[in-house]
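Close look at the chain arrangement
Residue strings, one per chain:
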Amino acid sequence: MELVAEHPVTITNPDKLLWPEANITKAGYIQYMIEVSPWLLPYLRDRPLTLIRYPHGVHGHSFYQKNCPTYAPDWIRRVPVWSDERKDVIQYVVADSLASLIWLANQACLEFHVGFTTLVRPTQPDSVAFDLDPTVAGFEPVREVALALHGLLDRLNLPHLPKTSGATGLQVFIPLQSGHTFEQTRIFTKAVAVYLERQLPNLVTLERLTKNRGTKVYIDFPQHGASRTLIAPYSCRATKLATVSTPLLWSELAAGALPEQFTITTVPPRLRKQGDCMAASNDLASLREIVRFLD
DNA sequence: GTTCTCA
DNA sequence: TGAGAACAACGCTAA
DNA sequence: TTAGCG
Ligand SMILES: [Mn+2]
Ligand SMILES: [Mn+2]
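As a starting point, this report considers the structure included with it. Small disclaimer: the values here were computed from a predicted structure and weren't measured.

1. Brief notes about the overall build of chain A
Counting its secondary structure elements, chain A contains 8 helices and 15 strands. If you line up chain A on its principal axes, its C-alpha atoms span 55 × 40 × 40 Å. A buried classification covers 52% of the 295 residues belonging to chain A. Of the contacts formed within chain A by residues at least 6 apart in sequence, a portion of 68% connects residues at least 24 apart. Just so you have it, chain A exposes about 13,900 Å², and 52% of that area is on carbon and sulfur atoms. One way to put it: in chain A the 29 positive side-chain charges average out to a point 3 Å from where the 28 negative ones average out.

2. With respect to the sheet that holds strand β6 (residues 63-65)
In sheet architecture, strand pairing relies on hydrogen bonds along the backbone and comes in two forms, parallel and antiparallel. Pairing within the open sheet is antiparallel, and its 4 strands lie in the order β6-β5-β9-β15. With one partner strand each, in any of the chains shown, β6 and β15 (230-231) form the two edges of the open sheet. Relative to β6, strand β5 (residues 50-53) runs antiparallel, the two being bridged by 3 bridges. Across the sheet, residue L51 finds its bridge partner in β6, namely Q65.

3. Considerations on the coordination of the manganese ion (ligand 1)
The protein atoms donating to the manganese ion (ligand 1) are D131 (OD) and D133 (OD), with metal-donor distances spanning 2.2 to 2.3 Å. Separating the manganese ion (ligand 1) and the manganese ion (ligand 2) is a distance of 3.5 Å, and D131 donates to both of them. Of the residues examined, D133 reaches a relative accessible area of 25% and is grouped as partly exposed.

Definitions and cut-offs
Residues numbered from 1 in each chain as written. Chains lettered and ligands numbered in written order. Predicted model: local features only at pLDDT ≥ 70, side-chain atom pairs only at ≥ 80, totals over all residues. Heavy atoms only, no water. Helix = DSSP H or I, 4+ residues; strand = E, 2+ residues; numbered from the N terminus. Buried < 20%, exposed > 50% of the residue type's maximum accessible area, 1.4 Å probe, protein only. Contact = heavy atoms within 4.5 Å. Areas by Shrake-Rupley, 256 points an atom, 1.4 Å probe, with all protein chains shown as cover. Lys, Arg positive; Asp, Glu negative; His and termini not counted. Charge placed at Lys NZ, Arg CZ, Asp CG, Glu CD. Pairing = 2+ DSSP bridges. Donors = N, O, S within 2.8 Å, 3.2 Å for Na, K, Ca; no water.

Listed below in structure tokens is the structure:
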């Protein structure tokens, strides 16, 4: 089976079930990519990809892939990035077209993870994210912590919005003006996390050891770092329900939205009807004043 | 999913 | 001819 | 330094 976008792509095993419980085949996954590409591609632009591949579906063996396979067609964009530890360059894939998305989907890349910088300004984070991870099943504590964080960021007059991770937690993003450093964002994220832990001691933990977290929500503020990544907005997750990392309105979160409501099936019609609430706001934050005060 | 290597 | 392996890796932070 | 984490 062959699909033609900017380039022709041969689809192998289009009927293979990648998400059996959700009844999503590879062809269905590619259809999702085609439908959401206008909203997904902007979040992948100029960002080296960390991919997670599931060649035999979400229940099969998986592996991370950073280096672009040598057999990829030459129109797949590769960007060399030096890796200190490996003492070599990694040829990262950067998705710059629908055809790239389709080719990666055929490779069973189910998850697309990206960092906080782009190739345009590789040392400057263009957003801050608070990663809220529940320790035990149940979304209500996550919602409660997120809404408290919302109140705080509102009082600081910083633009921000939530997105489901597609797994069990939530991320709160602050889009930044250009010119910030990771040193500044580290000071800020840590101060906010410590503040929330004090404000909600029964609900929030900053404890690194899982066994010491009890049933609290872990504010994973170290996840905001130079070489760290988070699931990209509108990327699928390798979950039973084929959930999607989905930006939400605060009103939706306050009204009881749940991560499992946003899936490969529900997200395309949502985007067609309501558009992308993350793209809708173009307000950028400056942390300079707050960081100067904290420092 | 695809390629490569070793039986 | 076919089975099996490889396909990432690092900063953070507490101890 | 390393251990444990994501
Ligand atoms: Mn998370
Ligand atoms: Mn996390």
